[in-house]
Each structure stands twice: as structure tokens, then as C-alpha cells.
Amino acid sequence: MALTLEWQRRVDHWRRELQTHFYRPLGTLKVGGFTTLEQLTFEEASGRTFYEMPTGTRWGSKWEYGWFNTHFTLPPEAAGKRIVLKMEVGGEGLVFINGIVAGAKDRQHTEITLPDNTPGTYYEVLVESYAGHGPMVAGGGPVGYGRQTVPEPPAQQQTVGESSFGIWNEEAYQLWFDVETLNHLRSVVDPESLRLAEIDQALMDFTLIADLELPPDEMQPTLTAARKRLAPLLACKNGTTMPTLYAVGHGHIDVAWLWPLQETERKMARTVSNQLALMAEYPEHKFIESQPHLYLMLKQRYPELYERYAAAMRAGKFIPEGAMWVEADTNLSGGESLIRQCIHGKRFFKEEFGIDSQILWLPDVFGYSGALPQILRGCGVKYFATQKIFWTYNGGDMFPYNTFTWEGIDGSEVLAHLFFDYNSETHPAALWKRWTDRPQKNGIDSLILAFGHGDGGGGPTRIHLEYLRRAADLEGAPRTKIVSPLVFFQDVEKKGVPRERYVGELYFQAHRGTYTSQARTKQNNRRAEFALREAELWSAAAARLAQRAYPLADFQQNWQTVLLLQFHDIIPGSSIHRVYEEAEAANRGVIARARQAAAEAAASLTQPAAQAITAFNSLSWSRPVLIELPAGFKGAVHASGRLLPTQAIDGKTFTEVTLPSCGWATVTLDPSTQPVEIVHAQKATPSLLENDLLRVTLNERGEITSIFDKEAGRELAAGVCNRFMLYKDVPNWFDAWDIDSNYEEMPVDLPEPAEIEVLGAGALAAAVRVRRRLHNSTVEQVIRLRHGSRRVDFITKVDWQERHKLLKVAFPVAYHANEALHEIQFGHIARPNHRSRPYDASRFEVCNHKWSALVEGERGFAVLNDSKYGLNVLGNSINLTLLKSPLAPDMTADLGEQTFTYAFYAWNGSMAQSRLLQEAYDLNTPVTTAPGSAADRSLFNLSAPNVVIETVKFAEDGSGDLIVRLYEAMRSATRCTLTTSLPVQSAWQTNMLEEEPTALPFAGGKVELNFRPFEIKTLRLR
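Conventions and cut-offs
Residues numbered from 1 in each chain as written. Predicted model: local features only at pLDDT ≥ 70, side-chain atom pairs only at ≥ 80, totals over all residues. Heavy atoms only, no water. Core = buried A, V, L, I, M, F, W, Y, C linked by side-chain atoms within 4.5 Å. Buried < 20%, exposed > 50% of the residue type's maximum accessible area, 1.4 Å probe, protein only. Helix = DSSP H or I, 4+ residues; strand = E, 2+ residues; numbered from the N terminus. Contact = heavy atoms within 4.5 Å. 1 Å grid on protein atoms, 1.4 Å probe; cavity = no way out; pocket = protein on both sides within 12 Å on 5 of 7 lines; lining within 4 Å. Points joined across faces, edges and corners; volume = space filled by probe spheres on them. Nonpolar A, V, L, I, M, F, W, Y, C, P; charged D, E, K, R; others polar. Polar contact = N/O pair within 3.5 Å; in protein donor to acceptor, adjacent residues only side chain to side chain. Expected span 1.5 Å × (residues − 1). Pairing = 2+ DSSP bridges. Axes fitted to C-alpha atoms, helices over the stretch in contact; angles between N-to-C directions. Salt bridge = Lys/Arg side-chain N within 4 Å of Asp/Glu carboxyl O. Phe/Tyr/Trp six-rings, centres within 6.5 Å; stacked < 30°, edge-to-face > 60°. Lys NZ or Arg CZ within 6 Å of the ring centre and 35° of its normal.

S.K.: How do you make sense of the nonpolar core when you look at a structure like this?
M.R.: Soluble, globular proteins show a tendency: their nonpolar side chains are buried together. Core analysis: the biggest nonpolar cluster contains 221 residues, and Phe-384, Phe-861, Phe-904 and Phe-940 have the highest contact counts within it. The element best represented in this core is helix H14 (residues 519-545), accounting for 12 residues. When neighbours within four sequence positions are excluded, Phe-940 is seen to be in contact with Ser-661, Cys-662, Ile-949, Val-952, Leu-962, Val-964, Leu-978, Thr-979, Thr-980, Leu-982 and Leu-1021. Residues Val-11, Trp-168, Tyr-173 and Leu-212 belong to the second largest nonpolar core, which totals 34 residues.

S.K.: Looking at this model, I keep getting lost on unusual backbone geometry. Mind explaining?
M.R.: Put simply, Ala-888 and Pro-889 share a cis peptide bond, and its omega is 5 degrees. In the Ramachandran plot, Cys-662 falls in the positive-phi region, its phi being about 40 degrees despite a non-glycine side chain. Of note, Cys-662 is situated in the loop between strand E28 (652-659) and strand E29 (663-670). We classify Cys-662 as buried; its relative accessible area is 0%. Backbone geometry at Asp-894 places phi at a positive 65 degrees, although glycine is not the residue there. By the element assignment, Asp-894 lies in the loop between strand E48 (877-884) and strand E49 (896-908).

S.K.: What should I look at first to understand empty space enclosed by the protein in this one?
M.R.: Empty space among the atoms becomes apparent when a probe as large as a water molecule is rolled across them. All chains considered together, the criterion is met by nine cavities of 30 Å³ or more. In this model, the largest cavity occupies a volume close to 260 Å³. Residue lining of the largest cavity: 23 residues in total, with Gly-334, Gly-335, Glu-529, Phe-530 and Glu-950 positioned closest to the centre. Contributing elements (two or more residues each) for the lining of the largest cavity: helix H9 (335-353), H14, strand E42 (819-824) and strand E53 (947-954). In terms of residue count, the dominant contributor to the lining of the largest cavity is H14 (five residues). Looking at side-chain class alone, the lining of the largest cavity contains eight nonpolar, six polar and nine charged residues. Put simply, the second largest cavity is a space of about 90 Å³. Contributing to the lining of the second largest cavity are 13 residues, with Pro-832, Asn-833, Arg-843, Phe-844 and Val-873 lying nearest its centre. Those elements that place two or more of their residues in the lining of the second largest cavity are strand E43 (827-832) and strand E47 (870-874). Broken down by element, the residue count for the lining of the second largest cavity peaks at three residues, all from E47.

S.K.: Sorry, what's going on with the layout of surface pockets here?
M.R.: For the largest pocket, the calculated volume is near 1,500 Å³. Lining the largest pocket are 43 residues, and of these Arg-784, Ile-795, Thr-901, Leu-923 and Pro-926 lie nearest its centre. Among the elements that line the lining of the largest pocket, the one with the most residues is H14, at six residues. Here the lining of the largest pocket is composed, by residue class, of 20 nonpolar, seven polar and 16 charged. Considering only enclosed or pocket space, the second largest pocket measures out at about 1,000 Å³ in volume. Looking at the second largest pocket, it is lined by 41 residues, and the ones nearest its centre are Arg-107, Trp-257, Gly-454, Asp-455 and Gly-456. For the lining of the second largest pocket, the secondary structure elements donating two or more residues are helix H6 (261-281) and helix H11 (428-436). Of the residues in the lining of the second largest pocket, the class split is 14 nonpolar, 13 polar and 14 charged.

S.K.: Looking at this model, I keep getting lost on the side chain of Gln-509. Mind explaining?
M.R.: By secondary structure assignment, the location of Gln-509 is in the loop between strand E22 (501-503) and H14. On the basis of relative accessibility, which here comes to 5%, the residue Gln-509 falls in the buried class. A distance of 2.7 Å separates the side chain of Gln-509 from the backbone oxygen of Asp-397, its partner in a polar contact. Setting aside residues no more than four positions away along its own chain, Gln-509 makes contact with Trp-391, Thr-392, Gly-396, Asp-397, Tyr-839 and Ser-842.

S.K.: It is not clear to me how helix H3 (residues 170-186) should be interpreted in this structure. Could you clarify?
M.R.: The α-helix winds at 3.6 residues per turn, so residues separated by three or four positions along the chain end up facing the same way. The first and last C-alpha atoms of H3 sit 24 Å apart over 17 residues, in line with the 24 Å expected at 1.5 Å per residue. For H3, the buried fraction is high: 15 of the 17 residues fall into the buried class. For H3, the N-terminal capping position is held by Asn-169, with its side-chain oxygen 3.3 Å away from the main-chain nitrogen of Glu-171.

S.K.: How should I be thinking about the sheet that holds E53 in this particular structure?
M.R.: Strand-to-strand pairing in sheets goes through backbone hydrogen bonds, with the strands running parallel or antiparallel. The sheet built from five strands is open, its strands ordered E53-E54-E59-E56-E57 with antiparallel pairing. Edge positions in the sheet fall to E53 and strand E57 (998-1000), since each has one partner strand and no second. Along the sheet, successive strands turn relative to each other by an average axial angle of 30 degrees, direction set aside. Sheet analysis places strand E56 (residues 987-990) next to E57, joined by three bridges and oriented antiparallel.

S.K.: What should I look at first to understand the pattern of salt bridges in this one?
M.R.: Opposite charge on two side chains allows them to pair when their charged atoms are near. For the structure shown, the criterion picks out 78 salt bridges. One salt bridge connects Arg-195 with Glu-475, and the closest N-O pair in it is separated by 3.8 Å. Of this pair, Arg-195 sits in helix H4 (residues 194-209) while Glu-475 is found in the loop between helix H12 (462-471) and strand E21 (479-482), placing the two residues 280 residues apart along the sequence. In this structure Arg-195 comes out as buried when scored by relative accessible area, which is 8%.

S.K.: Quick question: what am I supposed to make of the sheet that holds strand E30 (residues 683-685) here?
M.R.: The strand order E30-E31-E32-E33-E34 describes an open sheet built from five strands, whose pairing is antiparallel. Each edge of the open sheet carries a strand with a single partner, namely E30 and strand E34 (714-715). Bridge count for strand E33 (residues 704-709) against E34 is two bridges, and the pairing is antiparallel. Its bridge partner lying in E34, Asp-709 is registered against Arg-714.

S.K.: Just checking my understanding: could you explain the packing of aromatic side chains for this structure?
M.R.: Where two aromatic rings form a pair, the distance of their centres and the angle of their planes describe that pair. Within this structure, the stated rule accounts for 64 aromatic pairs. Their ring planes at 45 degrees and their centres at 4.8 Å tell us that Phe-399 and Tyr-502 sit as a pair that is tilted. Of the two residues, Phe-399 is situated in the loop between strand E17 (383-386) and strand E18 (403-407) and Tyr-502 in strand E22; the sequence distance between them amounts to 103 residues. Each member of the pair, Phe-399 together with Tyr-502, is buried. The side chain of Lys-86 reaches across the aromatic face of Tyr-23, ending 5.2 Å from its centre.

S.K.: Mind showing me how you'd approach H11 here?
M.R.: In terms of residue burial, H11 counts as a mostly covered element, since seven of its nine residues are buried. Every buried residue of H11 is listed here: Pro-428, Ala-429, Ala-430, Leu-431, Trp-432, Arg-434 and Trp-435.

S.K.: Explanation requested: the environment of Leu-372 in the structure shown.
M.R.: Structurally, the position occupied by Leu-372 is in helix H10 (residues 372-378). Given a relative accessible area of 0%, Leu-372 falls into the buried group. Taking C-alpha positions, Leu-372 is 52 Å from His-21, a pair spaced 351 residues apart along the chain. Sequence-distant contacts of Leu-372, that is, excluding residues within four places in its chain, are made with Met-324, Thr-330, Leu-338, Leu-360 and Trp-406.

S.K.: Looking at this structure, how should I read the pairing of strand E32 (residues 694-698)?
M.R.: Within a regular strand, side chains alternate between the sheet's two faces. Burial along E32 is one-sided: the face carrying Leu-694, Val-696 and Leu-698 is buried and the face carrying Arg-695 and Thr-697 is not. Two strands pair when backbone bridges link them, and strand E31 (residues 688-690) and E32 are joined in this way by three bridges, in the antiparallel orientation. Residue pairing for E32: Leu-688 is matched across the bridge by Thr-697. Where E31 hands over to E32, the hairpin turn is made up of three residues, counted between the paired strands. With five bridges joining them, E32 and E33 adopt antiparallel strand pairing.

As C-alpha cells, then:
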């Protein structure tokens, strides 16, 4: 029979009342403590002075830690009972018992079971607890305006509560789970079934048997009797057609987010200590932790705890699967960075635990690049797991699959699985919801279930595991197995490759603001990636040609810093202010060290010469570059004796020299200006920039009203270009994360005229400076057009003083296409520039790397950038997103000076022959110079312009072999010859981990290579 309302209320009352009988204190604890901003070890804290902190004491300023101690002896009543400790000191705390980390206290983990219940046992307790950093709201909406006036958090945020130790009534606790399991189960079984009727009768009987008003000792037999009555209902097994959920404990830890990195160390310790305690009581428990950086944090900060953690890892309890150094954002991280994520992540797991990680585990990342499948296969990763793509909270096109083959832009494939939520509950109703919510109704019979509490760590509690024990094969609930996710993927493979296939990127239909928020961090990431590229190449050259030691360990450490800062709540711009103070400082350190390493390596390749400069080009094609001459020099001569043109631009003297691919050229300085014949001098006025190919006309705001292609005799502009567009940007929910599509309905007028001055015109370039106001902000641009170039640069400085505003720059042009091309890692991808269908409309803001373009058959127009990732292309207008000013979680995000460069580039002819790729790399790759002279030289040369040398470095294994990573960039199968002037004797092709070598024919410094479209190749040269 179904429960009547009266019986339902009675059952609910008994369920609530039962919880009050779990715990009976045996004694309250007197707590002493102190607070500090220092990061203390257990030993350091133990030696400090502790002051009385009675119940009600308020403590904790921003970023502060409290250390608390107490002690007690178990009384005779503890004998034979489960004894637990409840430390209520405020905040999240790591608990040391008799000098050993025993567990942690947070919102979900509220008590710690003591290891010995023998009367007379003495316990000393020390707790390290984090006060926090004040209220932090993730949401957006109009309330966000008020956050401008939110004061600093109060000096005291936490309160010392009443700590105690006492008896845990395990029989009452177990009965509660029996009841809760059946109560949840009844909500999902057939309401007309015999199963429901029997469950309801048992629940009614439970309230008649369990007498919760009796004294504790008399009540216990009634609890046992009630459990006996419910046991047959919990013993019923499923039939043969139930789905299976492959369950694994999970406690997602954001490496930084609403807390700084130093707090993450403690979150990791608290999470691990609680899971170790659970594993001791629940031998079946398994827990996945994907991020080696967190392991390293634990190892360095809590070595004793790490040893226990590592032992459990080797016993198969903890699962080191994840493949990357951190759970990195895959939209913004560069291609080489994603490979290094796998190199460093997989190496750590292999060296520490002898495990070759097979799964890329990225549950919380905001979209997944179409380049990932090839990178994963190249790094020996077979499987991919996430859940975030199902998040379409503002509406969108639901992703259609759970288990499928994911094909990347080059045709590489990985087996992918999308599960639901990484903080799942485990009672029967939650298990059923996980199954019934799946979008893929056919062809699958299993899902991954990641259970536990997360984002700030914590992981599962006893609650999760007690439910799973009861639901393992409980009639009416999906079957569950607690296993590694690797078992799930292997079982899927045994059943056959899924016929469902998804091609291209996994676009996330939310969090589009993460392409733009915290612009400085994004810019520093781009600069760090390119600075390390320069440093590795020139250091490798110096090691081979000048016998200079290659700083492999330094590069590995610098890369780990960059990889850490690519975590999916750091580089996307969704963390608190302190995170960005620390991230910017760390990235600046990497950039400085990398540039110093590049400069020192370059200098070692030159000979002293007082009146010479050698310029180094790391790109795998020759290119003309502007070099600023030192003070006192007006002229320059190439090493061949040819006079070089010079020109003053904005008070500085420049010359131009063409550098060989992956090589260098020397310029001799001359104190005098010597005439050089100029065929076409560049022109500049306040309303005009012109060279032999383009004539660009400006209006009174410094915007472009005409781009006339003199070569084709065609007007390229279809409206005002370089037009700044400012919008109100007030997302409904996640301020820094999101851009809502209706921002376009909220433009802000920018009527102010500009001041325009000519900076230079002549042999090398035409340049003007534009200054104007943008609402509450100001912008200064140097607009430059070089001779012989079809590219116009906009070297921009903004004093950004906006709140809840979004700044774009638009280029409406006279080109027609139904899709735009956007560079991603190791290639490009086509996306619609229209909103014909819901999924087209959902992609109203997308991510690019160095360029996006509208391409017709024999011409094209691109907008390039040196650090801007977000944009939209609507119809014939490319609209680059420059700045965003959210108020949460960092209300000062991006205020102040911002510097960046973007450009447009127009070409005639096919895209494959366009030099778009070369122009985009040129914009992002400053020239390295060194004093002194060297014979002009090219270290590497490629016979195909669509193949790029992305990386040259020493091998990670310390062998001294050279690693050269190349890729095809224009989606065209290509045969290419790589030529090197270095003393190379043999060549192999390897995977991206620099392993599994296959010998290549190599003779005369040349190797022939065949590329499929967008293929990445890794060569090892000896």
C-alpha cells in the first residue's frame, strides 16, 4: 500500500528524530589558540603560545589562519563504543591527533573517529583552520553594481563553537541509512508496483518498532529490531537489464579560485586526510585525483601525509588519472603548452607511482579545443572524460552524447565520455536521475558517477559510501561499481567502438567571458609561451654551436609555472584579485627569466664588435623586421655591405633587415645617415596612411572609413573599421565568466573626437598616433603601415576605468562567407558567422588564438592579435573583444593601464599562399637582438610555407638530442623538406612525449616529411 499523508508525515518525523540520536557528548573541550598570517608547519605552530579561546570567541582577519589546541582522556564510558571528535573552532580545519594528520573539519566532514576507544587513552589535538577572505559572490546581475562599495571583510569572521568528544551511535546511524535508502528508492520505483507497497509497509513498521523516546541503552534493541525488519527489502537484487554506474570518489579542487594557492595546499591536505580515514573503514573506496601539481604541493608541505597518500596510491585506493599537470583551460592555452601539460603530468605519475595515465580528466573546464584529440593520442592518452559541456543554463542546444568517438581537426580520435556532475550524491533517487537525465538514450548501458563534495575539495563522506553499499545491486536502482574510470573505458572498448561520433571542438555554451576577463594574465600567458619558445631555441643553438650548457631544469621549472597558471579558474579570469596579483608576478618572472636566457644564449653566438647588432629570428621562414638603432647611430649596413634604409618614427631611429628562417643576421651601425634609394615612400597625414599596396583613410575619431586595395583596385571596408564599440555587460549569473547574448542591445555611445598626430612617414613605415576618450576611459593608438605590407598594426594603450562594460573593436569588410575561420592550437576551425539555428546562435562569442578571418576563394581579410582571445564574427564584421570589466569575483578586474596590439591583414590569392600565418606569428614574436657580430645563418629551413616549426629544444630525458616539433597549418596534405645546418647525424620521428622513435632517412642535412592536414610531428635529431 502507498503511504497515506498521515503515515508519510509519521515516517518523515521518525527520519528527522533519528538523526538527533547519532551523537552523545562525553565531554566538552577547552580550546586555546592564536592567529597568524604565517604559513606554519605543525612543529612551528606547536611551539607558539596559545591563548584561551572560550566558546563565542571571534577570530580571523582576511587570509588569516587560526591554530587551536586541546587535550582530553577517554573516560570509562568510552569502552567498546565508537568515539568521535567534533572540533568546532570555525573555518575549514586540518586536524592533527597526537601529532599525526587524522582528518579535517569542513561543512560536510563534521566529525573524526578516534583510533582507540580504550578508557584512559590520552589525546592531544591541534587544528589549523582558515578564516577565509570575506564574502565572495560569483553571480552577476544588477546587484553587481553595488559591489563597487562593498567594504573589506570584517576583522573577525569566524566564531569558536563548542568542541567535544563523545559516543557515536552507529546502530542509529546505520538504521537511518536503511530508512533513507528505501525512502529515496520509493520515489523512483513504479507507484503501482509490489516493490513500492512492500517498501511502504516496511517504513510504517519501522516507526512502530524503533522507540526513540526510550533511554539510550533501552532504545538500542529497538533500533536493531527495526534494521532487521528493513533488511529483506534491502537484500532484493536487480534483474539483468539494469544500467551500471561506474562510481569513483571525487573531490574537485580548484587550484585557485575564491582562495589563493597557499590555501589550496591546505585544501589538498584536508581532502586527502579525510579520504584516507574513509579508506581505512571502507576498503572498497577509491578516489581520483587528477592534478600532479596538487600532489607536489602535498609532498612539499605535508611529507608525512604524502607518504601515506602514496602508499594508498600504490595499493590502488587513490587513482592518479588525469594526464595533465593541472586541469588546464584548453581554449586559451597554446598548443605547445597543452603538450607540456601532458609531458609534465604523465611524467610525474610515472616517476612517482609507475603509472602511465590514460585518461584526460577535465570535469570543470570551459570547452575543449578541436586540437585535443591529436594531442592526446600523441601523448599516449586514449580516453577523455568531462561533464561541463552539459551546462547550458541560459538555454542552448543540448550535447547529444554521453559515450562517443571524438574526432579532432586532423582526424585523430579518442574515446570520450561525458558524465553528469562531479559532485554527485549516491542515494537511489540521485542514481536514477543520473541515468534518466542522459541525452544518449540508445547504445549505452553504463555511465561514470563521480561522487563527493568538491570545487574546494573535501570529497566523499561516509554518507556517500553507506548509500553505495546499500545500492550496489539494489532492486529498483541502477547497479553501482566503485572502480577506476579506466575500468569503465576498458569495458566500453570490449563492447565495441561507439558508432556515435562528434567532429571538431566541444564548444561550451556558457562562460564566454572567460576568453576576455583578466586581460593582463592572458597577455602574460601568451608572452610567457613565446618567451620560452625563444629561450629554448636559442639555448639549444648555443649548446650545439657555442658549447653553452642547456638549462633543462630551469626550463622545466618555468614551464611548470606557466602550466599551473593555465588552470581553468586562473587564466580564464574567474578568480579573486589576490590570485591575479600572484599570477601576474609569477608570469612576469617566467618572461624575465626566459628573455634573459634567450639573450645570453644569443650573445654566446656572436663575436664582440662595438658597432654591430645581430638580430635573431626564431620563425621558420625569412622575414623583414624593424630594428631600433642604439642612440647615436643613424645608419646601418648589412653584413653583405648593402646599405639599409632607416627612418625616424616617434623620435626613434629604425632600420629594416630581412632575417633568415630560424637564424640570424648582423647589422653594422653607422653614426651617419646615408641615402638609400626609395621606390615608394610611405605617406602619413592625420587622415591617411598609404603605401604601395594599401590606402587607409581615417575620420576625426581615428576610425577607418576606407581600406583601398591599390593592387586589386577594390574597396575592402564595408563600414567604419577600427570602430570601438562599448556595451553594458551585466550577466545574469556568473559575472567574470559570462557574456550574455543580449549585450548587443545595450550599446554605450562613444561620440568624442580624437587627437591625431603624424609620427613618421618615409622609407619604412607610415604611422600616426590617435588619442581619444571612451566613456570613462582613454585610449591611445599608434596606427602603423609598413612598406610593402598589407598589414596595418594598432599598437594600443588603454586607461581602463569601466565597470560592467565590454569593449570591442569592429572591422566590417566587403567580403562574403557563411563561416569564419579561427586559429586554434596547431590549426584552425570554421564556425558560422550567422545565427540560422540555435547552435549557430549559441556561438555568439568564440575563442581564437592569433587570428580570425573571412575568406573567399581568392582573397581574404583577417584580424590578428597579440593577446586577445574572444571575438564574434557576424555577417561580414569581425569584432575583436578587447576588455571586460566584471565586478565579481574581482571587483577591480583589469582596471588601469592595458597595452596590446591587434592588426588587420588583407590578401589576394589563395589562403594557402596568403602569408596569414606568417603575419600572425610575426605580430607575436619580437626579435631577439644581441650586441656583436655573427655570420648570417639559418639553422632550419622548410620547403613548404604552410608547415611551421613550433618548438626547438633539448629532449626532456637529458640526452642532449634536439627535439623539433612541426605542424601543417592550412589543412592541406603536404610533402615538405626540413633542412638543417646543425651537425645532425640521424633523425627519428617520435610521439609527443619524445618516445617510440621511428628512424627517418636523413642525409645532407635534410629529411623528407609527409604531413596530413593539421598533423603535428615531433622529430628527435642526434
